[in-house]
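Structure assessment
This is what each chain is made of:
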Amino acid sequence: MSDMTIPKTYKLFVGGKFPRSESGRTHAVNRPDGGFLANVATASRKDARDAVVAARSAWSSWAGATAYNRGQVLYRVAEMLEGRGAQFAQEIIDSTGATPAAAKAEVRAAIDTLVWYAGWTDKFAQVFGGANPVAGPFFNLTVPDSVGVAVAVAPNAEGSSLLGLVASIAPILTMGNSVVVLASESAPCVAMSFAEVLATSDVPGGVVNILTGNVAEILPWLASHADVNSLDLTGVEGEVAVEAERSAAETLMRVIRPRTFGATEKSFDRIARFVEAKTVWHTKSLA
Amino acid sequence: MNLRELAPAPESTAILNLRDSYGLYIDGRWVDAHGGSMATISPATEKPIAEIGLANAGDIDLAVKAARKAYDTVWSRMSGSERGKYLFRIARLLQERAREFAVAETVDNGKPIRETRDIDIPLVAAWFFHYAGWADKLDFAGLGTNPRALGVAGQIIPWNFPLLMLAWKVAPALAAGNTVVLKPAETTPLTALMFVDICEQAGLPAGVVNIVPGLGEVAGQALVTHPGVNKIAFTGSTSVGRHIARELAGTDVALTLELGGKGANIVFDDAAIDEAVEGTVNGIFFNQGHVCCAGSRLLVQENVHDEFVEKLKRRVSTLRVGDPLDKNTDVGAINSREQLDRIEAISATGEPEGASRWTLECAVPKAGFWFRPTIFTGVSTSNTIAREEIFGPVLSVLTFRTPQEALDKANNSPYGLSAGVWTQTASRMLTMADGLRAGVVWSNTFNQFDPTSPFGGYKESGFGREGGRHGVTAYLAAGGAR
Amino acid sequence: MTENSDSALALRAARLYYDEGKTQDEIGEILSITRWKAGRLLALARESGLVSITIANDAASPAAAPSSGIIPTARSRAHGVVDSASLRAFVTALPGVDAIGLEGRAARIATRSVKNESKREALDTIIRLIDLTTLEGADTPGKVRSLVQKAVVPDPADPTAPRVAAVCVYPDMVEHAVAALGDRAGDGLTGIGVASVATAFPSGRSILEVKLADTRYAVSKGATEIDMVIDRGAFLAGDLDLVFREIAAVRRACERPDGTHAHLKVILETGELRTYDNIKRASWLAILAGADFIKTSTGKVQPAATLPTTVLMLEVVRDWFALTGERIGVKPAGGIRQSKDAIRYLVAVSEIAGDEWLHPYLFRFGASSLLNDVLLQRQRMTSGHYSGADYVTID
């Protein structure tokens, strides 16, 4: 018997699979104390492109799933996370130097966040939309519809390596969007472990895609991608964020600016930012 | 007897009491503009109506400061119910003077008096009535208790529904507690300037509403980039919307955009055919087709195409084109020379790209800007006239074979504002409504508007909604304690 | 039984079935045969060419239901020759009507502003299209004579006022109307017509023999037009075949010995059919069965004529014309009392069917008080000031 551990190889999560970056690049991630933690894949623009393709192809069936079904799937993610709670707490400690209590609390909060959003899938439409009493012989309803493919940059902030990621992904998934997430540069290993949770739960492949690497390098390609419908810049700062927003303007992408929402917020508004309100009129008469 | 040719029935312009020139309305006073002036003309006659002062960046700065002062000292401190009473007053005053505004709008815009009288101005009043009632109920807007106003809203509106777009912007902004600086369109400032009189009759505090006509690239640009503005609401072209979104990148300024469209109007073979014909006509020839949500792409099931097009042409043949002040006019003047040129240029691509053109044969006046209702058949999805927004009385007819094909073709556009579905089969209608990527879906009707009904687009048709609860949230932020 | 006698029997059966609207059971009774035998005779009548059933494929008929597959053509009209299955298939496959869209269309028509010379012409046109009507239990020969005088000289103070198209009375009053008209009688254009309601008007709740006798009596007394009612009960019960055969039988009863026929207006009583889909189906049914006119109402049921209903019926006659080249008339009746309302109907005729329908052969108003309102409007336009009720005559 040996005490020697087997280190994990971190790859990307695209279309339900774990490919290496097509560029073959990796970069080293260190522990807070400076020691080597792992090599992680450094995604390229082509990886980003592939992730958008995967997200687009997964979107329509995810958006078309019943609200009940989406709720079950999100709840299943929470269950899987619960089962691996100790592992995630340790990874948070390894990645960020958090205290055991803080790491445990973050895992707990991430699970709660997933459960909270899972419960919204079949309630959001009623609260968000409804019947509009127009002054004419029409039945008029406003209903939420998914926006489509979202790109999200997970927050880098302290205490958000798992929670920030979950709080980025969950509201996007709630009403049927698919997403390409750029993992926090400071804690990519936690993000890729969460990808394993997603892969072993019932989330259809391609609904969530997670890329690790240099946000400043990949984000411009995603922000200017005409097949991306919304852009969550929560985890970006400075000129990179401004440039991304400028690029997004070309296709009138819906943009959530940095600091618009707290990373850990359980937010109805956040779900609302990832839906389109669709209003349907129909004539009504007995004659 | 001959009823196709009716004796002229012009609405009198005696009701108008216009000035020869208008300045800017800032901080409750008329002030001189410093960006020059231009005549606003009647597009039906090309005759000048009044000289309009144009705001420059300095004027915009004054207007924003006036709005800020009014926000800080009066409007944000006022209770919701008090704000609501001002809006109720405005609504009533607009109803009382409805005909005057209808005539002015028709003269300035070129749209038929039938529409301004029966549609535009009644909706304007309705919009103020609806949002008046929101002012003291903001806790129910969906942002938690004590939502807060954004502050000063800069609003830039288009020329196709001048006063109605003012109402869509001003009513929810004021109800939510914001003050506004509104820039009307270059070719249609008249009714916005007349609206000043309504604000004064309502006793609205100075600076709450500021009206600043001007050029887009001068006054509009200054408003969008002014650091004292908290919110920009724009309705207009997608290219300008894109520019505004770019300008606001990296700022905290809230933004809603209501932009272009290329609406699909889908007719199935089981549709109520005569009503579908009528809805198609209403979808594209209403307001000369100067409608962002116009049903400019007719998708008709191939097995009823010939019959449908024949009935459509017959119906279009009964449209009366001409003097917009005539109560019997269905299609009025194109709003400007510039727009006429654009409609002509895009329409000119139809035949070379393979479509067949049919144009209503009718006399039009010599002066003014006119474009006869036109239908292109045999249009392919790749044709320019099937993809670009023409913003004129031009219909492109395409065919489909199955419901899925109809859905795919309808959604095959960078735009996503409106769509129409004509079928008597309820399950198909509902499934189409589910699948259409458009902010407004009209089933067995088209171009209906109501202040309670959210309106706005997907994709490049913009973001944000106007109308109903959704419309008021566009001028609010979540408050403190929740 | 010889072949010849079978053919003769088949001919009799066919006449009873197609011309008089008898059921196979009734034919069995009349001819003392079983209903099965009656059915075989009818089949023989068809197979042997005694009767011809003309069915056109829908490819040739753009205005009709695309999925129905069968459309009886004009040639089957007035012969009552159409089998019940194809009839049902045809009318139920007609495109439906969206009430809000139809009412919106009508509302838009109502916004038309008819002024000055157009109004003057419209007022005169309205008078020329009026069926001046009295349908009261208290009608007397004297009342009818007075009505006729009003029809001939609507405005004694203004000889330029045109006369109406026809007077409309109960069958027993036809002879008085004819006598009062004398040589001013005509067909609505050449002179004033005499229209008679018939077929157990207004409910139509009687047996076919009575309805046919009612019709024949009115025609024999000189009625130039018959306003029949359809069996709304049968229509609502789904017995379209019966409705069809009744209309066809009444159409036969309108024939005069010289081969001409009194024009048949078929009253749908739209206020009882209720839905626009029903009204559309009944309109097609009536035209297929031989109607010269389709008419909205008896005036005894509310709602009577409405603008949307009339727009719908005008759409049907427009489509029938596109299909067959044959023009059918439309008559709104009941509730049209004011000139401004009547002008809206004229605009509807113009915009839906076309100006050529503004003709006494193709459009009528069933009305009584409308005439005086039109006369008041005429006087206003002539004199330049408003007139009063004492300046028009009551009939």
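Residues numbered from 1 in each chain as written. Chains lettered and ligands numbered in written order. Predicted model: local features only at pLDDT ≥ 70, side-chain atom pairs only at ≥ 80, totals over all residues. Heavy atoms only, no water.

1. So, the side chain of Arg465(B)
Relative to the assigned elements, Arg465(B) resides in the loop between β21 (462-463) and α15 (468-473). Its relative accessible area of 7% is what places Arg465(B) among the buried residues. There is a polar contact of 2.8 Å between the side chain of Arg465(B) and the backbone oxygen of Ala277(A). (Helix = DSSP H or I, 4+ residues; strand = E, 2+ residues; numbered from the N terminus. Buried < 20%, exposed > 50% of the residue type's maximum accessible area, 1.4 Å probe, protein only. Polar contact = N/O pair within 3.5 Å; in protein donor to acceptor, adjacent residues only side chain to side chain.)

2. Concerning the pattern of salt bridges
Oppositely charged side chains may form a pair once their charged atoms are brought near each other. Applying the stated criterion across every chain, the model contains 63 salt bridges over all chains. For the salt bridge of Arg246(B) with Glu250(A), the shortest nitrogen-to-oxygen distance reads 2.3 Å. You can see Arg246(B) sitting in helix α8 (residues 238-247) and its partner Glu250(A) sitting in the loop between α9 (238-249) and β9 (254-256), one on each of two chains. For Arg246(B), a relative accessible area of 28% puts it in the partly exposed group. Where Asp319(C) meets Arg318(C), a salt bridge forms, and the shortest distance between an N and an O atom there is 3.1 Å. (Salt bridge = Lys/Arg side-chain N within 4 Å of Asp/Glu carboxyl O.)

3. Comments concerning the domain arrangement of chain B
Residues and elements named next belong to chain B. Examined at the domain level, chain B breaks down into domain 1 (21-259 + 461-477) and domain 2 (264-451). Here domain 1 and domain 2 have C-alpha centroids that lie 30 Å from each other. Summed over the shared surface of domain 1 and domain 2, the number is 0 salt bridges. Those elements that place two or more of their residues in the side of domain 1 that touches domain 2 are α3 (98-109) and α4 (113-132). The greatest single-element share of the side of domain 1 that touches domain 2, amounting to 10 residues, is contributed by α4. Here the side of domain 1 that touches domain 2 is composed, by residue class, of 16 nonpolar, 12 polar and 8 charged. (Domains from an automatic or database assignment. Nonpolar A, V, L, I, M, F, W, Y, C, P; charged D, E, K, R; others polar.)

4. Comments concerning the sheet that holds strand β7 (residues 263-267) of chain C
Residues and elements named next belong to chain C. One open sheet accounts for 8 strands, arranged β9-β8-β7-β6-β5-β4-β3-β10; its pairing is parallel. For this open sheet the edge positions go to β9 (329-331) and β10 (365-367), each flanked by a neighbour on one side alone. Mean inter-strand twist for the sheet, computed between neighbouring axes without regard to direction, equals 25 degrees. Of the pairings in the sheet, the one linking strand β5 (residues 193-197) to strand β6 (residues 225-229) comprises 3 bridges and is parallel in character. By the bridge assignment for β6, Val-197 is matched with Asp-227. Sitting on the sheet, helix α8 (residues 174-181) is in contact with β4 (166-169) and β5, with an inclination near 170 degrees to β5. (Pairing = 2+ DSSP bridges. Axes fitted to C-alpha atoms, helices over the stretch in contact; angles between N-to-C directions. Contact = heavy atoms within 4.5 Å.)

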